[in-house]
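Analysis of the macromolecular model
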Amino acid sequence: MTTLHPMPDDVVLVAIDIAKARNEVLIETPGQKRRRRMTVLNTRAEHDRLIVLLKGFGRPVACAMEATGNYHRPIAWRLREAGFQVRLVSSVALARTREALHNGWDKNDPKDAQVILHMLRIGASQTYHDPLAAGINDVQELSKTHEAIAGAKTQVLHRIQTHYLPLYFPEVDRFRQNSRSDWFFAFLDRFPTPASITALDKPAFIEAAWSVVGRKVSKERLLGDIYETAKTSIGLPIPLEAPAIRMFRLVIAEARSLIRQRNEIEAMADQLLAESKDYKRLRQIPGIGPIIALAILAEAGDLRRFGHHRQFLKFCGLDLSTQQSGTYRGQTRLSKYGNARLRRNLWLAGQVAIRQKENSFRDKFERYIARDRHNADLRRKALTAITAKMARVVHAIIKSGDDYRPFVEGPVPGGRTPLSSAVRAQPATL
């Protein structure tokens, strides 16, 4: 979060506009009206030249930059290791400040460096938490790579469902149980068309496919159903040796490869975080599995740095905002100015939690929609409230170090008179 903490007067201020190949640097030295402007290439020698220059001032140095993809990470690491303070400026705040200062939308690198320097001077910047220094770089890479592979696998699955299966074997899609299972793609690789199935008699097909589908309940009945379906299929009569089927099998191989990569990352993540107490506590919360727990730790880092749960809600973009002017007051809604990946994972965790057995999340959701269970807008608001509750619970158990309690104790009788004594004191009724 951006908090106004103006810089002391004796600090050298350094604004860096980050780019892929070169960075525009603006340096303001205390007591001097003239600023120094320089261009620093993204090379080791150029970074060393900047560090030597800044150390030569013999004063505390504060550097500010805008997070630009991952291009800011190497130079931020070098500056931090050199002992300089590193700050970040918000991209939204930078754009609004540039428009306010220059009364226009004109944008270029030297002008951005001026605006960054202004924001650093007035203290409109954020603390930079380096993932490598915080020890979460590996966790972040696992989480981001898993998300990329899961997205690629979804795209391949949709391509199979919407292109290849409608052409060659439309009816087989109903046997696909979930996207995490490899047996369905292994089966399609072995039997990509109905003709490849009906070329065998039923017992021979069941024997050939028995080891392909893996462990299944009523496996023989499942394979028999697939065989009967293939006999009445409307798929195009394409021979197995045709280039079209080779392309189909190529895409199937890609899907199976992505599934293996995803499973490998999940096993690696579980092994990496096996000794993490925060990871174990997150896994206790309903709706949070290994991947969502991994994403929370990767995006939020050490949650203890948030002094209050409202700070964490703001970091997630789950804080409420209202547009108001004069007598007009707009509808209160989520700001969504925080970490989108973290907010999405908390939303998914909430959706899973309300579908599990009795827990506080499901109880809150049921109470929220009790007045109109079929109102879509009310259900959406209820899910938003569950997401915010999930964020508060995550922050609470990590900050307090306590295990998650699945049930909250109900109200107990108050007053000095015990409940049993109060019952005995009531007059008897006939």
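Since the model is a prediction, treat every value here as computed from it, not as a measurement. Sequence order sets the numbering: in each chain, residues are counted from 1 along the sequence as written. Thresholds applied to this predicted model are a pLDDT of at least 70 for local features of residues and 80 or more for the giving and counting of side-chain atom pairs; totals over whole chains, interfaces and linings are not thresholded and use all residues. Only hydrogens and water are removed before side-chain values are computed, so all heavy atoms of the structure are retained for them.

1. Description of the overall build of the protein chain
The condition is simple: A run of H or I in DSSP becomes a helix once it reaches four residues, and a run of E becomes a strand once it reaches two; helices and strands are each numbered from the N terminus. Working definition: with a 1.4 Å probe on protein chains only, accessible area under 20% of the residue-type maximum means buried, over 50% means exposed, and in between means partly exposed. Residue contacts follow a heavy-atom distance rule, with two residues in contact if any of their heavy atoms lie within 4.5 Å.
Looking only at helices and strands, the protein chain features 18 helices and 11 strands. Each principal axis of the C-alpha atoms in the protein chain carries an extent, and together these give about 90 × 90 × 50 Å. Looking at the protein chain residue by residue over its 430 residues, the buried ones come to 42%. By sequence separation, contacts in the protein chain at least 24 residues apart represent 62% of the contacts at least 6 residues apart.

2. Digging into the domain arrangement of the protein chain
By convention, interface size is frequently given as the accessible area that disappears when the constituent parts associate. Which entries qualify depends on this criterion: The domain boundaries here were taken from an automatic or database domain assignment.
For the protein chain, the assigned domains are domain 1 (12–130), domain 2 (140–270) and domain 3 (275–322 + 332–400). Each of domain 1 and domain 3 has a C-alpha centre, and these two points are 35 Å apart.

3. Some points on the side chain of N137
Put simply, the test is: N or O atoms within 3.5 Å of each other form a polar contact, as long as, within protein, one can give a hydrogen and the other can take it, and as long as residues adjacent in sequence are counted only when both atoms are side-chain atoms.
For N137, the location among the structural elements is in helix α6 (residues 137–168). Note on N137: relative accessible area 18%, which makes it buried. A distance of 2.8 Å separates polar atoms of two side chains, one belonging to N137 and the other to R73.

4. Structural notes on the environment of S360
Checked against the element boundaries, S360 lands in helix α16 (residues 360–368). Measuring from C-alpha to C-alpha, the distance between S360 and S196 comes to 52 Å, with 164 residues separating the pair along the chain. Setting aside anything within four residues of it in sequence, one finds S360 in contact with K389, Y404 and P406. Of the polar contacts made by the side chain of S360, one reaches the side chain of Y404; its length is 3.5 Å.

5. Concerning the side chain of H146
Residue placement: H146 occurs in helix α6. Discounting chain neighbours no more than four positions away, the residues touching H146 are R262, I265, E266 and I291.

6. Points about α6
Put simply, the rule reads: Between the first and last residue of a helix there are one fewer steps than residues, each counted as 1.5 Å, and that sum is the expected span. What the bend at a residue measures is the angle between two axes, fitted to the seven residues ending there and to the seven starting there.
Here α6 is 32 residues long and its end C-alpha atoms lie 45 Å apart, about the 46 Å a rise of 1.5 Å per residue gives. Approximately 35° is the largest bend angle found in α6, and it occurs at I160.

7. Here we look at the UniProt feature "coiled-coil region" (unreviewed entry) in the protein chain
We apply this condition: UniProt positions are given in the numbering used here, feature names are shortened, and annotations may be inferred rather than shown by experiment.
Taking the numbering used here, the UniProt-annotated feature "coiled-coil region" (unreviewed entry) corresponds to residues 255–282. Between the C-alpha atoms that bound residues 255–282 there is a distance of 30 Å. The span itself is 86% helix and 0% strand.

8. What about the packing of helix α9 (residues 202–209) against helix α10 (residues 219–231)?
The line we're drawing: In this analysis, axes come from line fits to C-alpha atoms, helices being fitted only over the stretch in contact, and the angle between any two N-to-C directions falls in the range 0 to 180 degrees. Orientation categories follow fixed angle ranges, with anything under 35 degrees roughly parallel, anything over 145 roughly antiparallel, 65 to 115 roughly perpendicular, and all other angles oblique. Each crossing gets its handedness from the near helix: less than a right angle anticlockwise from the far helix is left-handed, clockwise is right-handed. Asp, Glu, Lys and Arg are counted as charged, while Ala, Val, Leu, Ile, Met, Phe, Trp, Tyr, Cys and Pro are counted as nonpolar; the rest, among them Gly, fall into the polar class.
The contact between α9 and α10 brings their axes to 10 Å, and the two run at 125°. Of the possible angle classes, the one that applies to α9 and α10 is oblique. In this structure, the crossing between α9 and α10 has a hand that is right-handed. On the side of α9, the interface is formed by K202, F205, I206 and A209, while α10 contributes E220, L223, G224, I226, Y227 and E228. Along the lines of polarity and charge, the residues of the contact of α9 with α10 split into 6 nonpolar, 1 polar and 3 charged.

9. Quick word on the pairing of strand β6 (residues 85–89)
How we decide: When the strands point away from the viewer, a crossover counts as right-handed if the path from the first strand over the helix to the second runs clockwise. Between any two strands, at least two bridges found by DSSP are needed for them to pair.
Across the 5 residues of β6, 4 count as buried, placing the element largely inside the fold. Handedness of the crossover is the feature at issue here: the chain leaves strand β5 (residues 61–66), passes through helix α2 (residues 72–81), returns alongside β6, and the resulting connection is right-handed. Taken together, the 2 bridges between β6 and strand β7 (residues 124–127) define a ladder with antiparallel strand orientation. Bridging across to β7, R87 finds its partner in T127.

10. Quick look at the confidence of the model for the protein chain
Counted only if it meets this: Confidence scores per residue from the predictor, reported as pLDDT, run from 0 to 100.
With 93% of its residues at a pLDDT of at least 70, the protein chain reaches an overall mean of 88. In the model of the protein chain, helix α18 (residues 419–425) stands out as the element of lowest mean pLDDT, 46, in contrast to helix α1 (residues 44–55), which has the highest, 96.

11. With respect to the packing of aromatic side chains
Quick note on the threshold: For this analysis, a ring pair means two rings from Phe, Tyr or Trp (six-membered ring only for Trp) whose centres lie within 6.5 Å, classed as stacked if their planes differ by under 30 degrees, edge-to-face if by over 60, and tilted for the remaining angles. Throughout this description, the term charge over a ring refers to an Arg CZ or Lys NZ atom that lies within 6 Å of the ring centre and within 35 degrees of the ring normal.
Taken as a whole, this structure holds 11 aromatic pairs when the rule is applied. When the ring of F187 is compared with that of F205, the centres are 6.2 Å apart and the planes differ by 80°; the resulting orientation is edge-to-face. A residue pair is termed long-range when its members are at least 10 positions apart, and F187 in helix α7 (residues 183–190) and F205 in helix α9 qualify at 18 residues. Here F187 and F205 have matching classes, each one buried. Note on F205 and Y227: the rings are 5.7 Å apart at their centroids and 35° apart in plane angle, and the pair reads as tilted. Within this pair, whereas F205 is found in helix α9, its partner Y227 is found in helix α10, the two being separated by 22 residues in sequence. Judged by its relative accessible area of 0%, F205 is buried. One aromatic cluster is present, built from ring pairs that chain together F187, F191, F205 and Y227. Looking at R305, its charged tip hangs above the ring of F315, at a distance of 5.3 Å from the centre.

12. Observations regarding the environment of R215
For R215, the location among the structural elements is in the loop between α9 and α10. Look at R215 and you get exposed, because its relative accessible area is 83%. R215 sits 32 residues away from W183 along the chain, and the two C-alpha atoms are 9.3 Å apart.

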